[in-house]
Amino acid sequence: MKKTIVLTVLVAIATVFLLSLGAGTVKAQAGGGGAQDQPPAPAWRAQMEAADLMISEAEKTKKRCEEEIARAQEMKKRAQEGRAKAMAAGGTATDRTQYPWVTMEQAADKMIADALKTIERCDLQIKKGRALRTEAENELKKLGQEILDEDLKSGF
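Residues numbered from 1 in each chain as written. Predicted model: local features only at pLDDT ≥ 70, side-chain atom pairs only at ≥ 80, totals over all residues. Heavy atoms only, no water.

## Focus on the overall build of the protein chain
Here's step 1: Tallying secondary structure elements over the protein chain gives 4 helices and 0 strands in all.
Here's step 2: For the protein chain, the residues scored as buried account for 28% of the 156 residues in total.
Here's step 3: Taking contacts inside the protein chain between residues at least 6 apart in sequence as the whole, the part at least 24 apart equals 81%.
Here's step 4: Of the accessible surface of the protein chain, which amounts to about 10100 Å², a share of 58% is contributed by carbon and sulfur atoms. (Helix = DSSP H or I, 4+ residues; strand = E, 2+ residues; numbered from the N terminus. Buried < 20%, exposed > 50% of the residue type's maximum accessible area, 1.4 Å probe, protein only. Contact = heavy atoms within 4.5 Å. Areas by Shrake-Rupley, 256 points an atom, 1.4 Å probe, with all protein chains shown as cover.)

## Description of the state of the cysteines
Here a disulfide denotes one covalent bond, and it connects the sulfur atoms of two cysteines.
Here's step 1: Within the structure shown, the criterion is met by 0 disulfides.
Here's step 2: The thiol of C65 is unpaired, and the distance to the nearest cysteine sulfur, on C122, comes to 5.6 Å.
Here's step 3: The exposure class of C65 is buried, given its relative accessible area of 0%. (Disulfide = S-S within 2.5 Å.)

## Some words on the pattern of salt bridges
Oppositely charged side chains can pair when the atoms bearing their charge come close.
Here's step 1: Taken as a whole, this structure holds 9 salt bridges when the rule is applied.
Here's step 2: Between R133 and D52 there is a salt bridge; the shortest N-O distance is 3.1 Å. Of this pair, R133 sits in helix α3 (residues 99-142) while D52 sits in helix α2 (residues 41-88), placing them 81 residues apart in sequence.
Here's step 3: You can call D52 partly exposed: its relative accessible area is 29%.
Here's step 4: For D123, the salt bridge is made with K62, and the minimal N-O distance between the two is 2.7 Å. Of this pair, D123 sits in helix α3 while K62 is found in helix α2, placing the two residues 61 residues apart along the sequence.
Here's step 5: Overall, the relative accessible area of 33% leaves D123 in the partly exposed class.
Here's step 6: Accessibility expressed as a relative area gives 23% for K62, which makes it partly exposed.
Here's step 7: Here the residues in one salt-bridge network are D52, R133 and E137, joined through shared partners. (Salt bridge = Lys/Arg side-chain N within 4 Å of Asp/Glu carboxyl O.)

So this is what it looks like as structure tokens:
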């Protein structure tokens, strides 16, 4: 779970960094002459690449969270089965404590809740990434630039 959060934070930092590179280009051009309404095409392409990276990482994180939920549900099922076996074995409540099984079940519930929160944040990140990509695509179309995936993959 901690790896998921760290990865999400790193993707957000990388996105901000890439977007700030484009903003620096705009500031440099604005200082050299008349102010422009639009950044040049490379800045919009950088925004598209950052948005694609943001979406990709969020989708990977979401998939890992779904796998973690499945593992936690299995753990919860084992805890419930263990508690049922302990109760079926007989004895008094003081003879056979349910504490380990209850703790295991609570841990599974917490894991599931944390993973669901992370999935929710990933969905928001995907939505924002798509909005950034759409904005960049629209601005490139306004500038008369064709959007080709081959151009993006070749590094420009």
